[in-house]
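Each chain is listed here by its residues.
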Amino acid sequence: MEYDYFCPMCRGHLRVGDKLVFSAKTRENKQGLIFLSPELGNYTTEHHPSFDIKEGEEYRYYCPICHAKLNYQENEKLVKIFMTDESEDEYEIFFSGIAGEKCTYRMRDKEKEEFGPDRDKYKQYFDLPDEYRKYL
Ligand SMILES: [Zn+2]
């Protein structure tokens, strides 16, 4: 299946070959590139050895094209991007910006699909009506 992923701000393509490319930054402003698998539920991550990814650490994700921050405004632990499938249907994709957390959510018209062993972690968040989310 050929999925395309893009930045919600500039709609630039984040998928190059068989990787999704992001620029990432730690709270201590250490920066580097992160390559993720475009396959939902595959948590293979690649990065240069000099960019040390620590389990449990929270990362800010940025579009490598327009440099917009991709962390979800209402919950900065989640990163939000867009996806289109082979029939050009558009989805919102959320995944955890915390290293080691394996969960992905695919949303379209209030329908949610969950992926990954840590999927229960933010599940409740997406089940809540929008107006309650800000209290979490
Ligand atoms: Zn962008």
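Our subject is the structure listed above.
Residues numbered from 1 in each chain as written. Predicted model: local features only at pLDDT ≥ 70, side-chain atom pairs only at ≥ 80, totals over all residues. Heavy atoms only, no water.

**Re the layout of surface pockets**
Definition in use: Grid points spaced at 1 Å and placed over the protein atoms alone form the basis of the search, with a cavity being a set where a 1.4 Å probe fits but cannot get out and a pocket an open set showing protein on both sides within 12 Å along at least five of seven lines. Lining residues have an atom within 4 Å of a point. Grid points are joined across faces, edges and corners, and a volume is the space filled by probe spheres set on the points. Comment: elements are numbered from the N terminus, with helices defined as DSSP H or I runs of at least four residues and strands as E runs of at least two. Under the convention adopted here, Pro, Cys and the residues Ala, Val, Leu, Ile, Met, Phe, Trp and Tyr are nonpolar, Asp, Glu, Lys and Arg are charged, and Gly plus all remaining residues are polar.
In this structure, the largest pocket encloses a volume near 450 Å³. Lining the largest pocket are 29 residues, with Leu36, Tyr43, Thr45, Tyr61 and Glu101 positioned closest to its centre. Listing elements by their share of the lining of the largest pocket, those giving two or more residues are strand 4 (31–36) and strand 9 (90–96). When residues in the lining of the largest pocket are grouped by element, the largest group, three residues, is from strand 9. A per-class count over the lining of the largest pocket returns 15 nonpolar, nine polar and five charged.

**With respect to the coordination of the zinc ion**
Heads up, the condition is: The rule for donors is simple: an N, O or S atom within 2.8 Å of the metal counts, and for Na, K and Ca the reach is 3.2 Å. Water is not among the atoms, so a site may look short of donors. Only four donors with every angle between 85 and 135 degrees are called tetrahedral; only four or six donors with opposite donors over 155 degrees apart and all others between 65 and 115 are called square planar or octahedral, in that order; all others are irregular. Note on classification: 1.4 Å probe, protein chains only; a residue is buried when its accessible area is under 20% of the maximum for its type, exposed when over 50%, partly exposed between these limits.
Looking at the metal site, the zinc ion is ligated by Cys7 (SG), Cys10 (SG), Cys63 (SG) and Cys66 (SG), spaced 2.3 Å from it. For the zinc ion, the four donor atoms in the first shell make angles of 104 to 113 degrees at the metal, so the coordination geometry reads as tetrahedral. Overall, the relative accessible area of 31% leaves Cys66 in the partly exposed class.

**Here we look at the pairing of strand 4**
Applicable threshold: When DSSP locates at least two bridges between a pair of strands, those strands are taken to pair.
Only one face of strand 4 is buried: it carries Gly32, Ile34 and Leu36, and the other face, with Gln31, Leu33 and Phe35, is open. Pairing between strand 3 (residues 19–25) and strand 4: six bridges, direction antiparallel. Within the sheet, the bridge partner assigned to Phe22 lies in strand 4 and is Ile34. Once strand 3 ends, the chain turns through five residues before running back antiparallel as strand 4, passing Asn29 with a positive phi of about 65 degrees. Examined bridge by bridge, strand 4 and strand 5 (residues 45–46) share two bridges and lie antiparallel to one another. Across the sheet, the residue bridging to Phe35 is Glu46, located in strand 5.

**Let's talk about helix 1 (residues 120–127)**
Definition in use: Read the arc as the range of directions from the helix axis to the C-beta atoms.
Along helix 1, the residues classified as buried are Tyr122, Tyr125 and Phe126. Seen from one end, helix 1 has its buried residues packed into an arc of 90 degrees, which puts them on one side. Exposed residues pointing more than 90 degrees away from the buried face of helix 1 are listed as Asp120, Gln124 and Asp127.

**Let's talk about the side chain of Arg106**
Condition: For this analysis, a polar contact is any N or O atom pair within 3.5 Å, provided that within protein one partner can donate a hydrogen and the other can accept it, and provided that sequence-adjacent residues contribute only side-chain to side-chain pairs. The contact definition used throughout considers only heavy atoms, calling two residues in contact when any of these lie within 4.5 Å.
As for its position among the elements, Arg106 is in strand 10 (residues 104–108). A polar side-chain atom of Arg106 sits 2.7 Å from a polar atom in the side chain of Glu113. The contact partners of Arg106, leaving out residues within four places of it in the chain, are Tyr3, Leu40, Met83, Tyr91, Glu92, Ile93, Glu111, Lys112, Glu113 and Phe115.

**As for the pairing of strand 3**
Taken across its seven residues, strand 3 has six buried, putting it largely inside the fold. Here two bridges tie strand 2 (residues 15–16) to strand 3, and the two strands are oriented antiparallel to one another. Within strand 3, the residue paired with Arg15 across the bridge is Leu20. The antiparallel pairing of strand 2 with strand 3 creates a hairpin that spans two residues between the two strands, and Gly17 there sits at a positive phi of about 60 degrees. Taken together, the three bridges between strand 3 and strand 6 (residues 60–62) define a ladder with antiparallel strand orientation. When the sheet's bridge partners are listed, Lys25 is paired in strand 6 with Arg60.

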